[in-house]
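Descriptive structure summary
Take a look at the letters that make up each chain.
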Amino acid sequence: MPLFNVYPLYDVTPVSGKGIHVYDEKGAEYLDLYGGHAVISIGHAHPNYVKAVTNQVETLGFYSNAIQNPLQEQLADKIEDLSGCRGYQLFLCNSGAEANENALKLASFKTGKSRVLAFKNGFHGRTSAAVAVTDNKNIIAPINAQQKVTILELNDILGVKAELEKGDVCAVIVEFIQGVGGLDQGTADFFEQVFALCKTNNTMFIADEVQSGYGRSGKFFAFQHYNVTPDIISIAKGMGNGFPVGGVLIHPDIEAKYGMLGTTFGGNHLACAAGLAVLHTIEEEQLMDNVNAMSDYFMAIAKTIPQIKTIKGRGLMLGLEFDFEVGELRKKLIYNHHIFTGGAANKNLLRILPPLNIEKQHIDQFFEALKKALV
Ligand SMILES: Cc1ncc(COP(=O)(O)O)c(C=O)c1O
(Lines give C-alpha, C1' and ligand atoms only; values in the text may rest on other atoms or scores of the structure.)
Protein backbone atom coordinates (compact mmCIF):
# COMPACT_ATOMS: atom_id res chain seq x y z
CA MET A 1 0.00 0.00 0.00
CA PRO A 2 1.53 3.39 -0.94
CA LEU A 3 1.70 6.15 1.61
CA PHE A 4 -0.68 9.06 1.02
CA ASN A 5 1.75 11.39 -0.66
CA VAL A 6 1.33 14.70 1.17
CA TYR A 7 4.89 15.46 2.27
CA PRO A 8 7.69 16.60 -0.08
CA LEU A 9 10.61 14.66 1.43
CA TYR A 10 14.35 15.26 1.64
CA ASP A 11 16.39 12.22 0.70
CA VAL A 12 17.73 11.58 4.21
CA THR A 13 16.79 8.71 6.52
CA PRO A 14 17.64 9.39 10.15
CA VAL A 15 17.61 6.16 12.15
CA SER A 16 19.02 7.35 15.48
CA GLY A 17 19.66 10.52 17.40
CA LYS A 18 21.72 11.79 20.32
CA GLY A 19 21.62 15.31 21.71
CA ILE A 20 21.73 17.86 18.87
CA HIS A 21 22.50 15.22 16.22
CA VAL A 22 20.72 12.59 14.18
CA TYR A 23 22.42 9.76 12.26
CA ASP A 24 21.36 8.15 8.99
CA GLU A 25 21.38 4.45 8.11
CA LYS A 26 25.06 4.69 7.03
CA GLY A 27 26.08 6.38 10.29
CA ALA A 28 26.50 9.88 8.78
CA GLU A 29 25.98 12.63 11.38
CA TYR A 30 23.55 15.54 10.84
CA LEU A 31 23.32 18.67 13.02
CA ASP A 32 19.66 19.20 13.92
CA LEU A 33 18.85 22.92 13.93
CA TYR A 34 15.22 22.14 13.11
CA GLY A 35 14.42 19.94 16.13
CA GLY A 36 11.97 17.90 14.05
CA HIS A 37 9.90 21.12 13.71
CA ALA A 38 10.48 22.63 17.19
CA VAL A 39 9.59 19.35 18.88
CA ILE A 40 12.94 18.20 20.26
CA SER A 41 13.31 20.37 23.35
CA ILE A 42 15.79 18.50 25.58
CA GLY A 43 17.74 16.76 22.78
CA HIS A 44 17.44 13.42 21.05
CA ALA A 45 17.54 10.33 23.31
CA HIS A 46 18.20 12.38 26.45
CA PRO A 47 19.09 9.85 29.21
CA ASN A 48 16.40 11.24 31.62
CA TYR A 49 13.82 10.89 28.89
CA VAL A 50 14.86 7.42 27.78
CA LYS A 51 14.83 6.21 31.39
CA ALA A 52 11.43 7.75 32.22
CA VAL A 53 9.70 6.50 29.06
CA THR A 54 11.31 3.03 29.34
CA ASN A 55 10.35 2.65 33.01
CA GLN A 56 6.81 3.78 32.31
CA VAL A 57 6.21 1.48 29.34
CA GLU A 58 7.56 -1.41 31.39
CA THR A 59 5.13 -0.53 34.18
CA LEU A 60 1.90 0.80 32.63
CA GLY A 61 1.91 2.42 29.20
CA PHE A 62 -1.73 3.34 28.95
CA TYR A 63 -5.04 3.38 30.66
CA SER A 64 -8.06 5.50 29.78
CA ASN A 65 -9.29 8.67 31.47
CA ALA A 66 -11.81 6.69 33.52
CA ILE A 67 -9.37 6.00 36.38
CA GLN A 68 -7.11 7.98 38.72
CA ASN A 69 -3.82 8.91 37.05
CA PRO A 70 -1.57 10.73 39.53
CA LEU A 71 0.98 11.34 36.74
CA GLN A 72 -1.43 13.88 35.22
CA GLU A 73 -1.51 15.82 38.51
CA GLN A 74 2.28 15.68 38.79
CA LEU A 75 2.57 17.03 35.25
CA ALA A 76 0.05 19.81 35.95
CA ASP A 77 1.90 20.84 39.14
CA LYS A 78 5.26 20.84 37.36
CA ILE A 79 3.92 22.99 34.49
CA GLU A 80 2.51 25.43 37.07
CA ASP A 81 5.81 25.46 38.92
CA LEU A 82 8.01 26.13 35.89
CA SER A 83 5.65 28.46 34.00
CA GLY A 84 4.51 30.47 37.01
CA CYS A 85 0.94 30.30 35.62
CA ARG A 86 -0.74 29.92 38.99
CA GLY A 87 -4.23 28.56 39.41
CA TYR A 88 -4.75 27.42 35.81
CA GLN A 89 -6.33 24.00 35.15
CA LEU A 90 -4.78 21.51 32.72
CA PHE A 91 -6.56 19.47 30.06
CA LEU A 92 -4.34 17.00 28.24
CA CYS A 93 -4.66 15.96 24.60
CA ASN A 94 -2.33 14.69 21.85
CA SER A 95 -1.22 17.43 19.45
CA GLY A 96 -1.09 21.15 18.78
CA ALA A 97 -4.15 21.20 16.54
CA GLU A 98 -6.11 19.33 19.15
CA ALA A 99 -4.96 21.77 21.85
CA ASN A 100 -6.25 24.71 19.76
CA GLU A 101 -9.43 22.84 18.85
CA ASN A 102 -10.17 22.41 22.56
CA ALA A 103 -9.13 25.99 23.33
CA LEU A 104 -11.56 27.38 20.72
CA LYS A 105 -14.32 25.06 21.87
CA LEU A 106 -13.86 26.19 25.49
CA ALA A 107 -13.97 29.85 24.44
CA SER A 108 -17.24 29.20 22.63
CA PHE A 109 -18.71 27.24 25.57
CA LYS A 110 -17.69 29.97 28.03
CA THR A 111 -19.00 32.96 26.05
CA GLY A 112 -21.88 31.36 24.14
CA LYS A 113 -20.48 33.03 20.99
CA SER A 114 -18.91 31.49 17.88
CA ARG A 115 -16.86 33.92 15.74
CA VAL A 116 -13.06 33.94 16.11
CA LEU A 117 -10.49 36.63 15.30
CA ALA A 118 -7.13 35.41 14.07
CA PHE A 119 -4.17 36.98 12.28
CA LYS A 120 -2.65 37.07 8.84
CA ASN A 121 0.04 34.40 8.32
CA GLY A 122 -1.07 32.61 11.49
CA PHE A 123 -0.94 28.82 11.76
CA HIS A 124 -2.93 26.91 14.37
CA GLY A 125 -3.21 23.34 13.03
CA ARG A 126 -5.21 21.27 10.57
CA THR A 127 -8.33 20.09 12.42
CA SER A 128 -11.78 21.63 12.14
CA ALA A 129 -11.69 24.96 14.04
CA ALA A 130 -7.88 25.08 14.23
CA VAL A 131 -7.52 25.06 10.45
CA ALA A 132 -10.41 27.48 10.00
CA VAL A 133 -8.48 30.08 12.04
CA THR A 134 -5.28 29.36 10.07
CA ASP A 135 -4.48 31.86 7.31
CA ASN A 136 -3.88 29.42 4.46
CA LYS A 137 -6.71 28.84 1.97
CA ASN A 138 -4.93 25.79 0.49
CA ILE A 139 -5.46 23.71 3.62
CA ILE A 140 -9.04 24.80 4.42
CA ALA A 141 -11.57 22.33 2.98
CA PRO A 142 -15.16 23.47 2.32
CA ILE A 143 -16.24 21.67 5.51
CA ASN A 144 -13.87 23.88 7.52
CA ALA A 145 -14.71 27.08 5.68
CA GLN A 146 -18.17 27.28 7.22
CA GLN A 147 -16.73 28.36 10.57
CA LYS A 148 -17.05 32.06 11.41
CA VAL A 149 -13.55 33.51 11.32
CA THR A 150 -12.17 36.98 10.64
CA ILE A 151 -8.48 37.29 9.79
CA LEU A 152 -6.87 40.67 10.49
CA GLU A 153 -3.41 42.12 9.96
CA LEU A 154 -1.09 41.88 12.97
CA ASN A 155 -0.99 45.25 14.77
CA ASP A 156 -4.38 46.36 13.33
CA ILE A 157 -5.75 47.39 16.70
CA LEU A 158 -8.58 49.48 15.23
CA GLY A 159 -9.72 46.45 13.22
CA VAL A 160 -9.66 44.26 16.34
CA LYS A 161 -11.63 46.87 18.30
CA ALA A 162 -14.27 47.24 15.58
CA GLU A 163 -14.73 43.45 15.29
CA LEU A 164 -14.86 42.81 19.04
CA GLU A 165 -17.42 45.55 19.55
CA LYS A 166 -19.82 43.69 17.22
CA GLY A 167 -20.32 41.40 20.25
CA ASP A 168 -20.24 37.96 18.57
CA VAL A 169 -16.54 37.05 18.97
CA CYS A 170 -15.79 34.18 21.37
CA ALA A 171 -11.99 34.26 21.02
CA VAL A 172 -8.95 36.03 19.68
CA ILE A 173 -6.18 33.51 19.00
CA VAL A 174 -2.61 34.76 18.93
CA GLU A 175 0.85 33.39 18.19
CA PHE A 176 3.18 35.78 20.03
CA ILE A 177 5.91 34.72 17.62
CA GLN A 178 4.52 33.33 14.38
CA GLY A 179 6.06 29.97 13.56
CA VAL A 180 5.02 28.54 10.21
CA GLY A 181 4.18 32.05 8.91
CA GLY A 182 7.75 33.29 9.30
CA LEU A 183 8.65 34.61 12.78
CA ASP A 184 6.73 37.90 12.63
CA GLN A 185 5.60 39.41 15.92
CA GLY A 186 3.02 41.98 16.93
CA THR A 187 4.10 44.92 19.07
CA ALA A 188 3.81 44.85 22.87
CA ASP A 189 1.30 47.67 22.67
CA PHE A 190 -0.83 45.71 20.20
CA PHE A 191 -0.90 42.49 22.26
CA GLU A 192 -1.64 44.38 25.47
CA GLN A 193 -4.47 46.38 23.87
CA VAL A 194 -5.98 43.24 22.31
CA PHE A 195 -5.93 41.62 25.75
CA ALA A 196 -7.66 44.66 27.32
CA LEU A 197 -10.28 44.73 24.55
CA CYS A 198 -10.98 41.00 25.08
CA LYS A 199 -11.65 41.70 28.75
CA THR A 200 -14.18 44.45 28.03
CA ASN A 201 -15.95 42.49 25.27
CA ASN A 202 -16.39 39.07 26.97
CA THR A 203 -13.97 37.47 24.51
CA MET A 204 -11.42 34.79 25.44
CA PHE A 205 -7.78 35.62 24.75
CA ILE A 206 -6.06 32.42 23.55
CA ALA A 207 -2.27 32.20 23.47
CA ASP A 208 -1.16 29.57 20.97
CA GLU A 209 2.11 28.48 22.60
CA VAL A 210 2.28 25.20 20.69
CA GLN A 211 5.60 26.20 19.11
CA SER A 212 6.76 29.18 21.20
CA GLY A 213 6.12 27.59 24.61
CA TYR A 214 8.22 25.38 26.87
CA GLY A 215 11.15 27.79 27.06
CA ARG A 216 11.77 28.21 23.35
CA SER A 217 11.36 32.01 23.46
CA GLY A 218 13.67 32.40 26.49
CA LYS A 219 10.75 32.57 28.94
CA PHE A 220 8.54 29.58 29.66
CA PHE A 221 5.80 31.11 27.49
CA ALA A 222 6.29 33.75 24.80
CA PHE A 223 3.29 35.73 26.12
CA GLN A 224 5.32 36.28 29.31
CA HIS A 225 7.39 38.86 27.43
CA TYR A 226 4.21 41.02 27.58
CA ASN A 227 1.78 42.23 30.19
CA VAL A 228 -1.11 39.88 29.39
CA THR A 229 -2.85 37.00 31.19
CA PRO A 230 -4.40 34.66 28.61
CA ASP A 231 -7.68 32.92 29.38
CA ILE A 232 -6.47 29.82 27.58
CA ILE A 233 -2.94 28.67 26.63
CA SER A 234 -2.41 25.85 24.14
CA ILE A 235 0.75 23.72 24.31
CA ALA A 236 2.27 20.75 22.44
CA LYS A 237 5.52 20.30 20.43
CA GLY A 238 8.40 20.66 22.96
CA MET A 239 6.20 19.27 25.72
CA GLY A 240 6.94 15.62 24.93
CA ASN A 241 10.34 15.88 23.16
CA GLY A 242 8.83 13.74 20.40
CA PHE A 243 6.18 11.87 22.32
CA PRO A 244 2.81 13.10 20.93
CA VAL A 245 1.27 15.14 23.73
CA GLY A 246 -0.58 18.45 23.87
CA GLY A 247 -2.59 20.38 26.38
CA VAL A 248 -4.58 23.45 27.30
CA LEU A 249 -4.00 25.60 30.37
CA ILE A 250 -7.37 26.99 31.38
CA HIS A 251 -7.90 30.07 33.54
CA PRO A 252 -9.66 29.44 36.88
CA ASP A 253 -12.61 31.60 35.70
CA ILE A 254 -13.53 28.83 33.25
CA GLU A 255 -15.37 26.12 35.07
CA ALA A 256 -15.16 22.47 34.06
CA LYS A 257 -18.24 20.30 33.59
CA TYR A 258 -18.17 16.51 33.19
CA GLY A 259 -18.06 15.57 29.54
CA MET A 260 -17.29 19.13 28.31
CA LEU A 261 -13.99 17.93 26.79
CA GLY A 262 -12.59 14.44 26.43
CA THR A 263 -10.14 12.17 24.62
CA THR A 264 -9.10 8.51 24.66
CA PHE A 265 -5.34 8.91 24.44
CA GLY A 266 -4.82 12.37 25.95
CA GLY A 267 -2.90 12.38 29.23
CA ASN A 268 -1.99 8.71 29.09
CA HIS A 269 0.70 7.35 31.40
CA LEU A 270 3.46 7.28 28.80
CA ALA A 271 2.72 10.81 27.62
CA CYS A 272 2.83 12.09 31.20
CA ALA A 273 6.13 10.27 31.89
CA ALA A 274 7.64 11.86 28.77
CA GLY A 275 6.24 15.27 29.73
CA LEU A 276 7.58 15.06 33.28
CA ALA A 277 11.05 14.03 32.06
CA VAL A 278 11.10 17.09 29.77
CA LEU A 279 10.16 19.50 32.56
CA HIS A 280 12.63 18.01 35.08
CA THR A 281 15.38 18.30 32.49
CA ILE A 282 14.50 21.91 31.57
CA GLU A 283 14.75 22.71 35.29
CA GLU A 284 17.83 20.63 36.21
CA GLU A 285 19.87 21.76 33.20
CA GLN A 286 18.60 25.37 33.39
CA LEU A 287 17.73 25.19 29.74
CA MET A 288 15.92 28.53 29.64
CA ASP A 289 19.17 30.26 30.66
CA ASN A 290 20.90 28.34 27.89
CA VAL A 291 18.25 29.48 25.39
CA ASN A 292 18.95 33.12 26.23
CA ALA A 293 22.73 32.73 26.16
CA MET A 294 22.75 30.75 22.90
CA SER A 295 20.24 33.13 21.31
CA ASP A 296 22.52 36.12 22.04
CA TYR A 297 25.52 34.20 20.70
CA PHE A 298 23.63 33.17 17.55
CA MET A 299 22.31 36.68 16.86
CA ALA A 300 25.73 38.31 17.37
CA ILE A 301 27.25 36.09 14.66
CA ALA A 302 24.20 36.39 12.37
CA LYS A 303 24.59 40.19 12.42
CA THR A 304 28.08 39.88 10.89
CA ILE A 305 26.85 38.05 7.78
CA PRO A 306 25.97 40.60 5.08
CA GLN A 307 23.64 38.30 3.12
CA ILE A 308 21.32 38.07 6.16
CA LYS A 309 18.91 40.99 5.76
CA THR A 310 16.81 40.56 8.92
CA ILE A 311 17.03 38.38 12.02
CA LYS A 312 13.56 37.53 13.31
CA GLY A 313 12.15 35.83 16.39
CA ARG A 314 13.33 35.37 19.94
CA GLY A 315 15.22 32.82 22.01
CA LEU A 316 15.79 29.69 19.95
CA MET A 317 12.80 30.36 17.69
CA LEU A 318 14.69 32.31 15.07
CA GLY A 319 14.46 33.22 11.41
CA LEU A 320 17.17 34.47 9.06
CA GLU A 321 15.71 36.47 6.18
CA PHE A 322 17.57 36.75 2.87
CA ASP A 323 16.71 38.67 -0.29
CA PHE A 324 16.28 35.39 -2.20
CA GLU A 325 14.31 32.17 -1.74
CA VAL A 326 16.13 29.77 0.61
CA GLY A 327 14.96 26.41 -0.82
CA GLU A 328 18.31 25.73 -2.54
CA LEU A 329 20.27 26.98 0.46
CA ARG A 330 18.44 24.52 2.73
CA LYS A 331 19.26 21.70 0.31
CA LYS A 332 22.95 22.67 0.29
CA LEU A 333 22.96 22.80 4.10
CA ILE A 334 21.46 19.31 4.32
CA TYR A 335 23.25 17.51 1.49
CA ASN A 336 26.66 19.23 1.50
CA HIS A 337 27.02 20.23 5.16
CA HIS A 338 24.68 17.79 6.96
CA ILE A 339 22.68 20.49 8.76
CA PHE A 340 18.88 20.50 9.13
CA THR A 341 17.13 23.88 9.11
CA GLY A 342 13.49 24.85 8.57
CA GLY A 343 11.52 26.81 5.97
CA ALA A 344 8.45 29.03 6.37
CA ALA A 345 5.53 30.48 4.45
CA ASN A 346 7.92 33.39 3.87
CA LYS A 347 10.10 31.69 1.23
CA ASN A 348 13.09 33.95 1.97
CA LEU A 349 13.31 32.82 5.58
CA LEU A 350 15.52 30.09 7.05
CA ARG A 351 14.12 28.86 10.35
CA ILE A 352 16.29 27.83 13.29
CA LEU A 353 14.56 25.67 15.93
CA PRO A 354 17.28 23.61 17.63
CA PRO A 355 17.01 21.55 20.82
CA LEU A 356 17.22 23.92 23.80
CA ASN A 357 20.53 22.42 24.99
CA ILE A 358 22.45 23.47 21.88
CA GLU A 359 26.05 24.66 22.51
CA LYS A 360 28.29 27.34 21.01
CA GLN A 361 30.26 24.77 19.00
CA HIS A 362 27.08 23.78 17.12
CA ILE A 363 26.29 27.39 16.32
CA ASP A 364 29.87 27.93 15.11
CA GLN A 365 29.55 24.84 12.90
CA PHE A 366 26.31 26.20 11.42
CA PHE A 367 27.75 29.61 10.56
CA GLU A 368 30.90 28.12 9.03
CA ALA A 369 28.68 25.96 6.81
CA LEU A 370 26.31 28.82 6.02
CA LYS A 371 29.18 31.05 4.88
CA LYS A 372 30.40 28.31 2.53
CA ALA A 373 26.86 27.58 1.27
CA LEU A 374 26.33 31.28 0.51
CA VAL A 375 29.42 31.59 -1.73
C1 LIG B 1 1.72 27.71 16.48
C2 LIG B 1 1.22 26.34 16.09
N3 LIG B 1 0.01 25.95 16.47
C4 LIG B 1 -0.46 24.72 16.18
C5 LIG B 1 0.27 23.83 15.44
C6 LIG B 1 -0.28 22.47 15.11
O7 LIG B 1 0.36 21.49 15.85
P8 LIG B 1 0.25 19.94 15.41
O9 LIG B 1 0.98 19.81 14.12
O10 LIG B 1 0.87 19.20 16.56
O11 LIG B 1 -1.20 19.63 15.26
C12 LIG B 1 1.55 24.19 15.01
C13 LIG B 1 2.39 23.26 14.21
O14 LIG B 1 3.32 23.62 13.54
C15 LIG B 1 2.05 25.49 15.34
O16 LIG B 1 3.25 25.89 14.94
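These numbers come from a predicted model, not from an experiment. (Residues numbered from 1 in each chain as written. Predicted model: local features only at pLDDT ≥ 70, side-chain atom pairs only at ≥ 80, totals over all residues.)

1. Side note on the sheet that holds strand β13 (residues 339-340)
Convention followed: Any two strands with at least two DSSP bridges between them are considered paired. Counting from the N terminus, the helices are the DSSP runs of H or I reaching at least four residues and the strands are the DSSP runs of E reaching at least two.
Judged by pairing direction, the sheet is mixed, and its four strands sit side by side in the order β1-β2-β3-β13 without closing on themselves. Both edges of this open sheet fall to β1 (14-18) and β13, since each of them pairs with a single strand only. Note that β1 and strand β2 (residues 21-24) share four bridges and pair antiparallel. In the sheet register, S16 faces β2, and the bridge partner there is Y23.

2. Overview of the site of the ligand
The cut-off we apply is this: Working rule for contacts: place C-beta from the backbone, and if it is within 6 Å of a molecule or strand, that residue counts as near it.
In the vicinity of the ligand lie 14 residues, with S95, G96, A97, G125 and V210 positioned nearest. The biggest single contributor to the shell around the ligand is helix α4 (residues 96-111), with three residues.

3. Regarding the domain arrangement of the protein chain
We apply this condition: Note that the domain bounds reflect an automated or database-derived domain assignment. Asp, Glu, Lys and Arg are counted as charged, while Ala, Val, Leu, Ile, Met, Phe, Trp, Tyr, Cys and Pro are counted as nonpolar; the rest, among them Gly, fall into the polar class.
Here the protein chain is described as being made up of domain 1 (14-46 + 286-374) and domain 2 (48-284). In this structure, domain 1 and domain 2 have C-alpha centres spaced 25 Å apart. Every element with two or more residues in the side of domain 1 that touches domain 2 is listed here: α1 (35-38), α10 (287-302), β11 (310-314) and β12 (317-321). The element contributing the most residues to the side of domain 1 that touches domain 2 is α10, with five residues. Classifying every residue of the side of domain 1 that touches domain 2 gives 15 nonpolar, nine polar and two charged.

4. Some remarks on helix α12 (residues 360-374)
This is how it is decided: Helix span, expected: 1.5 Å multiplied by one less than the number of residues in the helix. To sort residues by exposure, count the other C-beta atoms lying within 10 Å of each residue's C-beta; 20 or more gives buried, 12 or fewer gives exposed, and values between give partly exposed, all with C-beta atoms placed from the backbone. Along the arc lie the directions from the helix axis toward the C-beta atoms. Working definition of a contact: two residues with C-beta atoms, positioned from the backbone, lying within 7 Å.
Spanning 15 residues, α12 covers 21 Å between terminal C-alpha atoms, matching the ideal 21 Å at 1.5 Å per step. Along α12, the positions that sit buried rather than exposed are H362, I363, F366 and L370. On an axial view of α12, the arc spanned by its buried residues comes to 95 degrees, and they lie on one face. Turned more than 90 degrees off the buried face of α12, the exposed positions are K360, Q361, D364, E368 and K372. Residues of α12 that are buried in the fold lie against β3 (29-32), α10 and β13.

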